[in-house]
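# Architecture and fold: a report
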Amino acid sequence: LLETLVDQVAIAIERTRLAADMEETRLLSETERLRAALLSSVSHDLRTPLVSIIGAASSLIEADSALGEAGRRSMAETIREEGERLNRYVQNLLDMTRLGYGALEIRQDWVEIRELVGRAARQLRRVLHRHRLRFDLPRDLPAVRGDPLLLEQVVANILDNAAKYAPPDSEIVVAAALSGHWLALSVSDFGPGIPEADRAMVFDLFYRVRAGDGQVGGTGLGLAICKGILEAHGGRIRAEAVNPDGSGTRVVVELPLAADPPVELAGE
Ligand code: ADP
């Protein structure tokens with residue numbers, strides 16, 4: 001077990017190094033300011049989960065007998081969760097680099113929205129288990145055209161935020177509906193909400209509403225990547241308040257409906 005864990009840490013560190021290398025080589029055309037901001041933010045954000053992973057692995061190695069079964073398990077879970085977080089982060093980083101570089105290839109598959117949401121929720125199950133997740137996804141929604149992995153990442157980023165900013169035990173509702181020529185998918189949470197003045201800006205790279213208050217870790221990458229991926233699909237994204245007092249966040253993703261949904265998927 002320990003060897004596997006240490007291997008995982010080594011892989012995570014290697015991934016980190018690769019991501020940093022990619023930043024160095026691919027962002028040459030970006031402005032110097034953006035590049036400097038990106039590199040410092042990236043190193044900081046990569047270090048936080050890595051410190052947790054290395055700390056937990058060290059406890060497992062050095063204090064193994066004192067930990068007991070429950071302690072060992074909790075350390076191993078920390079390593080897995082932080083490793084998964086790192087993995088999502090590196091994926092975001094790679095996509096962002098490719099988006100900025102105009103090199104993000106968009107597959108044009110048929111994507112069934114209920115399956116897409118299911119995959120994203122499974123990917124994040126260990127992040128979402130403290131919340132009550134509710135789905136309001138009609139069975140007869142038509143499939144949309146797009147890249148299944150990139151769209152899964154959009155949903156995962158939004159769910160990740162809902163779990164991160166809304167209090168434990170609160171409800172997170174994933175809903176989908178047709179709206180004109182669009183398929184609208186929304187994720188609503190009952191957290192503090194995003195102040196109206198910030199709502200359009202949270203989709204900008206590195207923009208964080210409560211940045212620096214030290215309470216919730218984050219990178220300011222997730223929603224910018226969602227926006228980039230959706231624009232590459234001819235779609236759009238916005239945030240609104242759930243409640244009249246401005247609390248709660250609903251992020252709405254809209255994807256264009258294709259003219260000719262496949263017979264086997266439509267009306268299933
Ligand atoms: P981060 O890594 O900081 O979460 P994002 O790009 O995903 O980066 O989000 C940008 C900012 O938008 C966040 O820092 C946070 O201030 C705000 N935000 C996003 N989602 C929510 C939410 N569900 N509730 C409250 N604030 C949110």
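Okay, so let's go over this structure. Treat the numbers as computed from the prediction; the structure is a model and nothing was measured.

Definitions and cut-offs
Residues numbered from 1 in each chain as written. Predicted model: local features only at pLDDT ≥ 70, side-chain atom pairs only at ≥ 80, totals over all residues. Heavy atoms only, no water. Near = heavy atom within 4 Å. Polar contact = N/O pair within 3.5 Å; in protein donor to acceptor, adjacent residues only side chain to side chain. Helix = DSSP H or I, 4+ residues; strand = E, 2+ residues; numbered from the N terminus. Nonpolar A, V, L, I, M, F, W, Y, C, P; charged D, E, K, R; others polar. Salt bridge = Lys/Arg side-chain N within 4 Å of Asp/Glu carboxyl O. Buried < 20%, exposed > 50% of the residue type's maximum accessible area, 1.4 Å probe, protein only. Patch = residues over 30% accessible without salt bridge, like charges linked within 9 Å, V, L, I, M, F, W, Y side chains within 5 Å. Areas by Shrake-Rupley, 256 points an atom, 1.4 Å probe, with all protein chains shown as cover. Pairing = 2+ DSSP bridges. 1 Å grid on protein atoms, 1.4 Å probe; cavity = no way out; pocket = protein on both sides within 12 Å on 5 of 7 lines; lining within 4 Å. Points joined across faces, edges and corners; volume = space filled by probe spheres on them.

Before going further, it helps to spend a moment on the site of the ligand. Inspection of the region around the ligand gives 19 residues, with N161, Y165, D189, R208 and T219 positioned closest. For the ligand, an oxygen atom lies 2.8 Å from a polar atom in the side chain of N161. A distance of 2.9 Å separates an oxygen atom of the ligand from a polar side-chain atom of K164. Breaking the shell around the ligand down by element, the ones donating at least two residues are helix 6 (148-165) and helix 7 (222-232). It is helix 6 that contributes the most residues to the shell around the ligand, four residues altogether. Broken down by class, the residue content of the shell around the ligand amounts to eight nonpolar, seven polar and four charged.

The next thing to look at is the pattern of salt bridges. A complete count under the given rule lists 12 salt bridges for this structure. Its salt-bridge partner being R126, residue E84 comes within 2.4 Å of it at the nearest N-O pair. With a gap of 42 residues between them, E84 in helix 3 (residues 64-100) and R126 in helix 5 (residues 125-128) connect regions that are remote in the sequence. By relative accessible area, which is 25% here, E84 ends up partly exposed. Salt bridges here are not isolated pairs; linked through shared partners, they connect R236, R238, E240, R250 and E254.

On the surface, a cluster of nonpolar side chains totalling about 230 Å² of accessible area is made up of L2, V6 and I61. Inspection of the secondary structure puts L2 in helix 1 (residues 2-26).

A separate point is the pairing of strand 4 (residues 171-179). Both strand 2 (residues 132-136) and strand 4 contribute to a ladder of five bridges, which runs parallel. Bridge pairing links R132 to E171 in strand 4. One ladder, built from eight bridges, connects strand 4 with strand 5 (residues 182-189); its direction is antiparallel. Opposite V174, over in strand 5, you have V187 as the bridge partner. Linking strand 4 to strand 5, which pair antiparallel, is a turn of two residues; within it G180 sits at a positive phi near 65°.

A few words now on the layout of surface pockets. Roughly 380 Å³ of volume is contained in the second largest pocket. Around the second largest pocket sit 19 residues that line it, and R88, Q91, Q123, E152 and Q153 are the ones nearest its centre. Elements that contribute at least two residues to the lining of the second largest pocket include exactly helix 3, helix 5 and helix 6. Broken down by element, the lining of the second largest pocket gets its largest block of residues, seven residues, from helix 3. Classifying every residue of the lining of the second largest pocket by side-chain character gives four nonpolar, six polar and nine charged.

A word on unusual backbone geometry. One can expect most non-glycine residues to show negative phi and most peptide bonds to be in trans. Phi is positive for D169, which is not a glycine, with a value near 75°. Among the structural elements, D169 can be located in the loop between helix 6 and strand 4. Judged by its relative accessible area of 56%, D169 falls in the exposed class. The residue F206 is not glycine, and still its phi comes out positive at about 70°. Along the chain, F206 turns up in the loop between strand 5 and helix 7.

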